[in-house]
Structure formats: structure tokens, C-alpha cells
Amino acid sequence: MGFYCTSSIEVVKKDEKICVTFYSDHRDHNLDFNSQVHMTLPKSEQDKIAGMITQGIEHDIILDRVRESAGSNRMSFLEKKDIDNICVRYGLNKTHSRHSDDSTSVRLIVKEMQDANEVLYFKDQGDVDSDNPEIPSKEFVLGFMKGGQELIFSTQMKSCDKIQVCMDSTHCISQYSGFQLTTLMILTDLNKGFPVAFLISSSVNTSILKAFLNSVKKRMGQVRAYTFMSDDDPVFRNAWDATMGRDMNLPVKYINCSWHTDRSFRKNIASKISAPFMEKLSVYQMVRVLMDEQEENEFHKQCKGFLSYMLEAGFERFHDYFKENYLCENRIQLWPQCYPVKVAGYGNELFEKCMANLNLQFQLCMTTSKETVYTLSAAGILRRFINFPTTPQETELKQQECRTQ
């Protein structure tokens, strides 16, 4: 190649001992990506990054700042793993990790949250809750509400007689399989979906949700829900009806999340219809037309034609599934736009946008340790949903938007 680089590692074994000599200086060649990306960060740069971490600057922002100002040296290839290594090397991860054992660390974090009055409900694995004996001892359940969440929730309850509520669960929130994040969200007077409480549990069922919602009720009082949106699973509606709706004279308008409904249609069309892809696509397009129909009379007319077509095409399995699950008396008003649009208006779309944001944020944590899920800063999550007006003019504009939607 015409040159010889002096950077190398020399290993000598002598008298059952191993001596290692590292020559760090490079000579007579340019450092390209493949060589720089594996080089150690300079000590001065590590100190600089450690200083940014101690200031509370988010890791993503640190990455952007360092890469923009790095030029073509090793710092331009900075990765999140580099920052994580610096946190460990400088002992900066103590605010996130209380103990090397995840289970012990989680208990310590929960204790801190309890001291701050942020825990709504907690049952550790192996414990038995005498107040909720129907929850198996193997389950882990943690419901919590940060101070900022409680403030906005209480303010909204005082300013609005009736609230639009949404509940949804996110899977795969950590490397430990089975754990789910359930979010309780409300629609604010500025037409912003806002998560007011979180539930982290090893499974989601009616018993666990009832215990969580009862703890919310104990903290906040009776929540007068005007509409309640969730996915196809009835456990959310059953739990809400058993806790918040029990003492209410005002009937709650239950609505299915259109994203979950659409996913359920696609899944069952694929599994219950034996036909070429284009025929399945045609069926899906028909179902979407039914979902998006705005007129109630036209919806019922199209439903009859759709069911007749299913039988004529030989798609009896999907015909029966669709009729039994979506056209029965207690479910027909949950999913088509001709029903919820009269009540929820723009709320359905706003909730779904916010839930999509939450799903993305928590799935970014799915490869991290279990305790990362419990230590997510509420401020870091909630600021993605808050859009407070900063001037009187902006306040008036937002209030006008809310009145017209």
C-alpha cells in the first residue's frame, strides 16, 4: 500500500503472563468513517458531553449539537451508545438507575414516587391486595399521576362540566415481555389531547383497570365523561362503567378508536376471506366506506348491500364476523362516523394523533431496561402535548378554534 500505520496493539505472552502494549498514534493515512467510528472519544470531548448531561440537556439535543459542530473528526460520528457509556463512566445515570438489579431499582423508584404523592395505585409481583383480591398475586400494577398532570386534570374538571376521555394500551414498552402502558387521556378546552394518568402493568384486564380507575376517582373525584373512546376490547368500557359511570345519571357515549377498528378489519379480512389479494382489498375498501359514511340512513342502506355482497361472493366467515361484532345493537354505534361525529366531533382525531405520539415515544424504549419505563419524565412526555398560548391574541385564536370545531 506504500505506507505503514504505527497504530497497533502488541500482545506478548511470557512466563504465563500477558503483556499488552497499545500504540495509539496513526501515521500516513486519512481517517475515514470505518476507522473513526471505532476510535475512542477524546477525554476533553467526553468531559464536554458529561457537562451537557449534568445540565439536563436531552441526549437527542446533545447529539445534534455535537454533530453540527464536529466537522469531520470522531465527534461527527457520535452515537447514543457513546453518550450512554459516558453516563456510566462519569456516574451520571444515578437519577435513572437506583440499583443494578432492575426489580430493586423499580421498588426504589416507586418509593420516591410515593413520597412525592405521585403513585395512585401500586401492587408488586407476589403481593396480594386485600381491597382487590380478584387481581392475581403474579401481576405487577403501577398507576401514577405527576403533579403537572393532576393540575391540568383538576383545572379541566373545574372548567368543563363534561369531559371527553380516551384510554388505550401500548405493548412492548420494555425488553421484558408482557408489560403494557395504559394511558388515561382527556381532551382539553384548547382541543389538545392530554395524558392525565399512566398505568404500567404486567397485563391489562377489567380487574386491574377498575383498581386503577378507582384510585383516579379517589384522587380526583367523580369524572363526568361525555364521551369515552377506546379500542375494540370491551375491558376499558366495562371498567369505566363500573367505576366512573356507576353513580352518574349522564349516559356516556362510547366510541371505538378508528385506528384500532381499521386494524381489526384488515386483520380479519386477511384471515377470514380466502380470495386473491385484489378481492380482499375490494372488501377492505367497502368497509372503509362504511366507516367514513356521515349519514346514518345511507350507512344502514350500504350495510345491507355489503352483507348481501359478502354472501354472494362466498365470504360467509367474514359476513358472520362483521354482523355479529359490528352490527349488533350494543356495538353498531361505536365505530361508524355517522354516530360519533354527532357527539365527539374532532376529538376522535385529536385523541388518535396523541396516542400515536405516545406509542412512538414508548416503543422507542422497548429495548431498554424495565426501569427506564418507570423513570420516564412526565415533563418530557407531556410537553409534546401541551401547546399553551403565549399571548392574548393567541389565546383568543385558540378559543375561536375550539368554538368552531
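Residues numbered from 1 in each chain as written. Predicted model: local features only at pLDDT ≥ 70, side-chain atom pairs only at ≥ 80, totals over all residues. Heavy atoms only, no water.

A.B. asks: Talk me through the overall build of the protein chain; I want residue IDs and the actual numbers.
C.D. replies: The secondary structure content of the protein chain amounts to 16 helices and 9 strands. Considering only contacts in the protein chain between residues 6 or more positions apart, those separated by 24 or more positions represent 62%. When the accessible surface of the protein chain is totalled, it reaches about 22300 Å², and 50% of it is carbon and sulfur. (Helix = DSSP H or I, 4+ residues; strand = E, 2+ residues; numbered from the N terminus. Contact = heavy atoms within 4.5 Å. Areas by Shrake-Rupley, 256 points an atom, 1.4 Å probe, with all protein chains shown as cover.)

A.B. asks: Describe in detail the packing of helix 9 (residues 258–272) against helix 10 (residues 277–292), supporting the description with residues and values.
C.D. replies: The axes of two packed helices give the description: the angle between them and the distance between them. Across the interface, helix 9 lies against helix 10 with an axial gap of 10 Å and an inter-helix angle of 155°. With respect to their mutual orientation, helix 9 and helix 10 come out roughly antiparallel. In the packing of helix 9 onto helix 10, the handedness of the crossing is right-handed. Of helix 10, the residues touching helix 9 (which contributes Ser258, Thr261, Asp262, Phe265, Arg266, Ile269 and Ala270) are Lys280, Val283, Tyr284, Val287, Arg288 and Met291. Of the residues contributing to the contact of helix 9 with helix 10, the split by class is 7 nonpolar, 2 polar and 4 charged. (Axes fitted to C-alpha atoms, helices over the stretch in contact; angles between N-to-C directions. Parallel < 35°, antiparallel > 145°, perpendicular 65-115°, else oblique. Left-handed = near helix turned anticlockwise from the far one by under 90°. Nonpolar A, V, L, I, M, F, W, Y, C, P; charged D, E, K, R; others polar.)

A.B. asks: An account of the packing of aromatic side chains is needed here, citing residue identities and associated values.
C.D. replies: Each aromatic ring pair is characterised by the separation of its centres together with the angle its planes make. Taken as a whole and judged by the stated rule, the model has 17 aromatic pairs. Aromatic pair phenylalanine 265 and phenylalanine 322: ring centres 5.9 Å apart, planes at 40°, arrangement tilted. Placement of phenylalanine 265 in helix 9 and of phenylalanine 322 in helix 12 (residues 316–326) is noted, with a sequence separation of 57 residues between them. On the basis of relative accessible area, phenylalanine 322 is assigned to the buried category, the value being 0%. Seen in terms of ring centroids, phenylalanine 306 and phenylalanine 322 are 5.2 Å apart; in terms of plane orientation they differ by 70°. Their pairing is edge-to-face. Here phenylalanine 306, found in helix 11 (residues 296–312), pairs with phenylalanine 322, found in helix 12; they are 16 residues apart in sequence, far enough to count as distant. Residue class for phenylalanine 306 comes out buried when judged on its relative accessible area of 4%. One aromatic cluster is present, formed by Phe265, Phe299, Phe306, Phe318, Tyr321, Phe322, Tyr326 and Trp335 through successive ring pairs. Positioned above the aromatic ring of tyrosine 321 is the side chain of lysine 272, whose terminal nitrogen or guanidinium carbon lies 4.8 Å from the ring centre. One residue, arginine 331, lies across the ring of tyrosine 326, its end atom 5.4 Å from the ring centre. (Phe/Tyr/Trp six-rings, centres within 6.5 Å; stacked < 30°, edge-to-face > 60°. Buried < 20%, exposed > 50% of the residue type's maximum accessible area, 1.4 Å probe, protein only. Lys NZ or Arg CZ within 6 Å of the ring centre and 35° of its normal.)

A.B. asks: Explain the sheet that holds strand 4 (residues 141–144) to me, and be specific about the residues and the numbers.
C.D. replies: The strand order across the open sheet built from 7 strands is 3-4-7-6-5-8-9, with neighbouring strands paired in mixed fashion. Every other strand in the sheet has two partners, leaving strand 3 (119–123) and strand 9 (253–256) as the edge strands with one partner each. Neighbouring strand axes in the sheet, compared pairwise and without regard to direction, differ in orientation by 20° on average. Two strands pair when backbone bridges link them, and strand 8 (residues 225–230) and strand 9 are joined in this way by 4 bridges, in the parallel orientation. Counted as the bridge partner of serine 230 is asparagine 256 from strand 9. Its contacts with the sheet place helix 7 (residues 206–220) against strand 3, strand 4, strand 5 (163–170), strand 6 (180–187) and strand 7 (193–201), and it is angled at close to 150° to strand 3. (Pairing = 2+ DSSP bridges.)

A.B. asks: Break down the side chain of serine 169 for me, citing the residues and quoting the values.
C.D. replies: Relative to the elements of secondary structure, serine 169 occurs in strand 5. Separated by 2.7 Å, the side chains of serine 169 and threonine 182 make a polar contact. (Polar contact = N/O pair within 3.5 Å; in protein donor to acceptor, adjacent residues only side chain to side chain.)

A.B. asks: Tell me about helix 11, and please be specific about residues and values.
C.D. replies: The end-to-end C-alpha separation of helix 11 is 25 Å, in line with the 24 Å expected for 17 residues at 1.5 Å each. Those residues of helix 11 that are buried are in contact with helix 10 and helix 12. (Expected span 1.5 Å × (residues − 1).)

A.B. asks: Before we move on, can you summarise helix 8 (residues 235–243) with the specific residues and values?
C.D. replies: Helix 8 sits mainly inside the fold: 7 of its 9 residues count as buried. Of the positions making up helix 8, those classed as buried are Val235, Phe236, Arg237, Ala239, Trp240, Ala242 and Thr243. Turning to helix 8, the residues buried within the fold contact strand 5, strand 6, helix 7, strand 8 and strand 9.

A.B. asks: Give me the lowdown on the pattern of salt bridges, citing residues and values where you can.
C.D. replies: Per the stated rule, a full pass over the model turns up 9 salt bridges. Its salt-bridge partner being aspartate 292, residue arginine 288 comes within 3.0 Å of it at the nearest N-O pair. Linking arginine 288 with aspartate 292, this pair stays in helix 10, spanning 4 residues, or about one helical turn. The class of arginine 288 is partly exposed, set by a relative accessible area of 24%. When salt bridges with common partners are traced through the structure, they connect Asp262, Arg266, Arg288 and Asp292 into a single cluster. (Salt bridge = Lys/Arg side-chain N within 4 Å of Asp/Glu carboxyl O.)

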